[in-house]
Amino acid sequence: MRIVLGVSGGVSAFKAVEVCRRLVDAGHRVTPVLTDAARRFVGVATFSALASDPVPSGLWEPLEGGIAHTRLGQAADAVVVAPATADLLARYAAGLADDLLTATLLATSAPVVVCPAMHTEMWEHPAVAENVATLRSRGVHVVPPESGRLAGGDEGTGRMAEPETIVAAVLAVLGSGPAPAGTHDAPSGAARTGDLSGREVVVSAGGTREAIDPVRVITNRSSGKQGHAIAEAAAARGARVTLVTASGLPAPAGVHTVRVESAAEMAAAMASAASDADVVVMAAAVADWRPKVSALQKVHGVPELVLEPTPDILAGLAASRRPGQVLVGFAAETEDVIERAKRKLEQKGVDLLVVNDVSAPGAGFEHDTNEVTILGADGTSTLVPLGSKRQVADSVLDAVVARLRPGTLDRGSGPGTPGAEERAGQARRGESR
Ligand code: PMT
């Protein structure tokens, strides 16, 4: 595949060298396009030595087969910009084409992945946020920046994602490209049919409702669409599926569906269904707190609510799971998304954590679409670009299938994962949220 690697002028431009090397190693033809500012941070000679194609000098350079400002974009299978500075994002969002990189971005119909990098104040500025939202609404894939050390000794959110995350995102949007080094995601398409045949899969969905009194509840915005889509997709791939749902959506065809309302009911249903399962996916948005006392009669006037944590169902499942069972959690975040998710992955003791940035347009609660990053306990990170919740479900199941051991799991032994005892204690105390 032909990939244009755009590099704009930020200190993290040095990481683009590694992105270039990894894409070439994965068998792709890479043409680096550097802005004038990028050339102040990294040398053209470095990219020329690593890339498969020479670095074009600019808009006016004649290219084999056409003129540079349109030829590169027209011929590309994907364009990735790493780093994408605030200035580059603004020019791209505004449709400017005053250098070779922005002209290439306008001339392409291939998928585009941008990897913003800037200081925290700039990243949080409403102008930048609007430009990123505009680009997302046009289908551009955004690999969000991470938190850490920034230029000038500052700390905060804005550091460009690591090369392996960026490369995984590019390969994910290319779809049929070779699997990124260090990830286990299976190819899509025909390989999916029947690949969960004979497996037992348990999925939770929807937002639990914690009663204040017979009339009012504490709940959240989860519709259950994502969890139901996972149950449907697993059934279509041949699994026997149990769906434990707090949503009012219709039961998917061929799926054993258990209706629950509260976190306590979901905890009991999940513990019972999961004990024999090969795969457990907690896509539900469990209410984090519930009233300590739920009134038996309708409350009149304004009650003084005393809240207590609900049981941490996922940590409990991790603590009691059988060896070989693949356990998947979800995380809904609005800031420092990847950092928080990485911590959650470890705290919850899961194999995979599917991370939603629920503040991103078209992603998270209630939408028919979603965009997630799938983090693996083995260090992998895979961006699943904006698509239907069914498409996201299949990507999650691809990652699950790649982690299932051949044959059936050991249903006879007790909790078998490192740290299980400690997590069981945390789950009871509600400490692992
Ligand atoms: O239902 P939709 O409208 O389609 O929206 C989908 C979704 C955004 C709800 C879903 O994709 C999602 O992100 N679900 C998890 C939301 C959530 O509760 O995230 P969290 O970061 O608060 O929890 C982390 C994990 O712990 C989750 O797997 C959750 O199920 C689990 N948990 C949380 C609290 C608790 N008491 N027990 C749990 O098991």
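None of these values were measured; they are calculated from a predicted model.

**Points about the site of the ligand**
- With respect to spatial proximity, 28 residues lie near the ligand, and among them Ser222, Ser223, Ala284, Lys344 and Asn356 are the closest.
- The contact in question runs from an oxygen atom of the ligand to an N or O atom on the side chain of serine 222, over 2.6 Å.
- Contact between the ligand and alanine 332: an oxygen atom at 3.3 Å from a main-chain N or O atom of the residue.
- Because more than half of its atoms lie within 2 Å of the grid, the ligand is assigned to the largest pocket.
- A per-element tally of the shell around the ligand places strand β18 (residues 326-333) first, with four residues.

**Describing the sheet that holds strand β7 (residues 141-142)**
- Reading across from one edge, β2-β1-β5-β6-β7 is the order of the five strands in this open sheet, with parallel pairing throughout. Pairing within the sheet leaves two strands with one partner each, and these edge strands are β2 (29-34) and β7.
- Taken together, the two bridges between strand β6 (residues 112-116) and β7 define a ladder with parallel strand orientation. The partner of valine 114 across the bridge, within β7, is valine 142.
- The strands touched by helix α1 (residues 13-25) are β1 (2-7), β2 and β5 (78-84); relative to β1, the strand with the most contacts, the crossing angle is about 175°.

**Considerations on the pairing of β6**
- Along β6, five of the five residues are buried, which leaves the element largely enclosed by surrounding structure.
- Examined bridge by bridge, β5 and β6 share four bridges and lie parallel to one another. Paired with valine 81 across the bridge in β6 is valine 114.

**What about the pairing of β1?**
- When you tally the buried positions in β1, you get five out of six residues, the bulk of the element.
- The pairing of β1 with β2 spans six bridges and is classified as parallel. Along β2, the bridge assignment pairs leucine 5 with proline 32.
- After leaving β1, the chain enters α1 and then returns to the sheet as β2, a path that is right-handed.
- Relative to β5, β1 runs parallel, the two being bridged by four bridges. Counted as the bridge partner of glycine 6 is valine 81 from β5.

**Focus: the environment of proline 291**
- By secondary structure assignment, the location of proline 291 is in strand β16 (residues 289-291).
- Residue class for proline 291 comes out buried when judged on its relative accessible area of 6%.
- For the pair proline 291 and glutamate 304, spaced 13 residues apart in sequence, the C-alpha to C-alpha distance is 9.8 Å.
- Those residues in contact with proline 291 that lie beyond four places of it in its chain are Glu210, Ala211, Ile212, Ile218, Val306 and Leu307.

**Section: the nonpolar core**
- Residues Leu23, Phe47, Val80 and Ile166 are the most contacted members of the largest nonpolar core, which totals 33 residues.
- Only β1, α1, β2, β5, β6 and α8 (163-174) provide two or more residues apiece to this core.
- No other element matches α8, which puts seven residues into this core.
- Those residues in contact with isoleucine 166 that lie beyond four places of it in its chain are Val19, Val80, Ala82, Cys115, Val143, Met160 and Ala161.
- Within the second largest apolar cluster, 31 residues are counted, among which are Ala205, Ala233, Ala239 and Leu397.

**Notes on a nonpolar patch on the surface**
- Judged by side-chain polarity, Trp289, Leu305 and Leu307 come together as a nonpolar surface patch covering roughly 320 Å² of accessible area.
- Locating leucine 305 in the fold gives a position in the loop between β16 and β17 (307-309).

**Observations concerning the layout of surface pockets**
- Space inside the largest pocket adds up to approximately 820 Å³.
- Listing elements by their share of the lining of the largest pocket, those giving two or more residues are α9 (225-236), α11 (313-320), β18 and α12 (337-348).
- Along the lines of polarity and charge, the residues of the lining of the largest pocket split into 16 nonpolar, 12 polar and eight charged.

So, how was this worked out
- Residues numbered from 1 in each chain as written.
- Predicted model: local features only at pLDDT ≥ 70, side-chain atom pairs only at ≥ 80, totals over all residues.
- Heavy atoms only, no water.
- Near = heavy atom within 4 Å.
- Polar contact = N/O pair within 3.5 Å; in protein donor to acceptor, adjacent residues only side chain to side chain.
- 1 Å grid on protein atoms, 1.4 Å probe; cavity = no way out; pocket = protein on both sides within 12 Å on 5 of 7 lines; lining within 4 Å.
- Sits in = over half its atoms within 2 Å of the grid points.
- Helix = DSSP H or I, 4+ residues; strand = E, 2+ residues; numbered from the N terminus.
- Pairing = 2+ DSSP bridges.
- Contact = heavy atoms within 4.5 Å.
- Axes fitted to C-alpha atoms, helices over the stretch in contact; angles between N-to-C directions.
- Buried < 20%, exposed > 50% of the residue type's maximum accessible area, 1.4 Å probe, protein only.
- Right-handed = clockwise from strand over helix to strand, strands pointing away.
- Core = buried A, V, L, I, M, F, W, Y, C linked by side-chain atoms within 4.5 Å.
- Patch = residues over 30% accessible without salt bridge, like charges linked within 9 Å, V, L, I, M, F, W, Y side chains within 5 Å.
- Areas by Shrake-Rupley, 256 points an atom, 1.4 Å probe, with all protein chains shown as cover.
- Salt bridge = Lys/Arg side-chain N within 4 Å of Asp/Glu carboxyl O.
- Points joined across faces, edges and corners; volume = space filled by probe spheres on them.
- Nonpolar A, V, L, I, M, F, W, Y, C, P; charged D, E, K, R; others polar.

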